[in-house]
Amino acid sequence: MATNTNTNPHTLNGGMDLSLYRHVGEFYRGQSSEVADAFSGEHRLLQDMGVDFEYNVSFHANGGCAHCGAYFSYGSVFSHPEHGFVALGHACTQRWLEVDSSIALRQAKAKKRGQAAAKQAKIAAEFQATVDADPELADAANVEHYIITDIMNKGRRYGSISEKQRALVIKIATEAREAEAAKADEPPAAEVPDTDERITVRGKVLNTKWVYSQFGSTEKMLVEVTTDAGVYRLWGTIPSAIAEADRGDMVEFTATITRSHDDGSFGFFKRPTKPAILEPAAA
Ligand SMILES: [Zn+2]
């Protein structure tokens, strides 16, 4: 398959018969990884046709275009009944071979796509340089948030962001970090005790709510119980003996507890006895 330096069959002098070359596909072998990415579809196509540049494609003895030996980045693979796959640079394929217009169009499209990708990569790199020179923005851009991602993607696409967008990225990042810090201060969720025994719990009333049903209306409360492992919450009817219980009060009662199937840190209390308000909410 390798070409012979003395008699190159792909030159006119070497007996090149232009009518025997059939176009197989397009490829790129230049330095730009972005252009190579843009050509990935073309390269896969060649692979599917059995083209393997390491083993079965003839280049010129010097590694260039099989016909003229010139170095090229954009090339085409042709198949030849005797010589198998042959690689030619675009200049030659268009000059020597009667490539039909659809192939010429495909070459042009692939090249254009590659060049657009390279240009886009350059714009993105320039934007990244301005971000790197702006520590406040660079720092904020590290925060994961869909608006930040969106604005930074636009920057990479168009090369810059507005002063207003920059301010927004920094504001969102600051808020997101504050929210994260506040969350870190919250006690961890603890499991609601899993027992059939009636147990005594002591907790803080987070809120109360009237619930209406066909059996009448009852006032319920959400109680947050703090344990060494963290906090869990219980929901149930306010015992009539402490009917005045309200948000913020510390209460105690003995009841049957059932853990929720969906959330282990949430449960229900039933048939509370010995209720007491230990400590009313600070006025
Ligand atoms: Zn050539």
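Residues numbered from 1 in each chain as written. Predicted model: local features only at pLDDT ≥ 70, side-chain atom pairs only at ≥ 80, totals over all residues.

Peer 1: Mind showing me how you'd approach the nonpolar core here?
Peer 2: Grouped together as the largest cluster of nonpolar side chains are 22 residues, with contacts concentrated most on Phe39, Val57, Ala66, Val77, Val86, Ala87 and Leu88. At the level of elements, strand 1 (22-28), helix 1 (33-38), strand 3 (74-80) and strand 4 (84-89) are the ones that each hand at least two residues to this core. Among the elements that line this core, the one with the most residues is strand 4, at four residues. Non-local contacts of Val57, meaning those with residues more than four positions away in its chain, are made with Val51, Val77, Phe85 and Ala87. (Core = buried A, V, L, I, M, F, W, Y, C linked by C-beta atoms within 7 Å. Buried ≥ 20, exposed ≤ 12 C-beta atoms within 10 Å, placed from the backbone. Helix = DSSP H or I, 4+ residues; strand = E, 2+ residues; numbered from the N terminus. Contact = placed C-beta atoms within 7 Å.)

Peer 1: Before we go on, may I ask you to explain the domain arrangement of the protein chain in this structure?
Peer 2: Note: interface size is frequently given as the accessible area lost on complex formation between the parts. Splitting the protein chain by domain gives domain 1 (18-114), domain 2 (134-185) and domain 3 (198-279). Taking only C-alpha atoms into account, the centre of domain 2 sits 42 Å from that of domain 3. (Domains from an automatic or database assignment.)

Peer 1: Would you take a moment to explain the sheet that holds strand 4 for this structure?
Peer 2: Two pairing modes exist for strands in a sheet, parallel and antiparallel, and in both the strands are linked by backbone hydrogen bonds. Judged by pairing direction, the sheet is mixed, and its four strands sit side by side in the order 1-3-4-2 without closing on themselves. If you trace the sheet from one side to the other, it starts and ends with strand 1 and strand 2 (57-58), each paired once. The pairing of strand 1 with strand 3 spans six bridges and is antiparallel. For Arg22, the partnering residue across the bridge sits in strand 3 and is Ser79. (Pairing = 2+ DSSP bridges.)

Peer 1: Even after reading the chapter, I still don't get unusual backbone geometry, so can you show me in this structure?
Peer 2: Note: most residues except glycine have negative phi, and most peptide bonds are trans. Notably, Arg271 is not glycine yet its phi reads approximately 50°, a positive angle. Inspection of the secondary structure assignment puts Arg271 in strand 9 (residues 266-279). Judged by the 12 C-beta atoms lying within 10 Å of it, Arg271 is exposed. The phi dihedral of Lys274 is positive, around 45°, even though this residue is not glycine.

Peer 1: Help me understand the environment of Gly236 in this model?
Peer 2: Note that Gly236 resides in strand 7 (residues 230-237). Taking the C-beta count within 10 Å as the criterion, Gly236 has 21 such neighbours and is therefore assigned buried. For the pair Gly236 and Phe53, spaced 183 residues apart in the sequence, the C-alpha separation amounts to 74 Å. Beyond its immediate stretch of four places on either side in the chain, Gly236 contacts Lys220, Ala255, Phe268, Phe269, Lys270 and Pro272.

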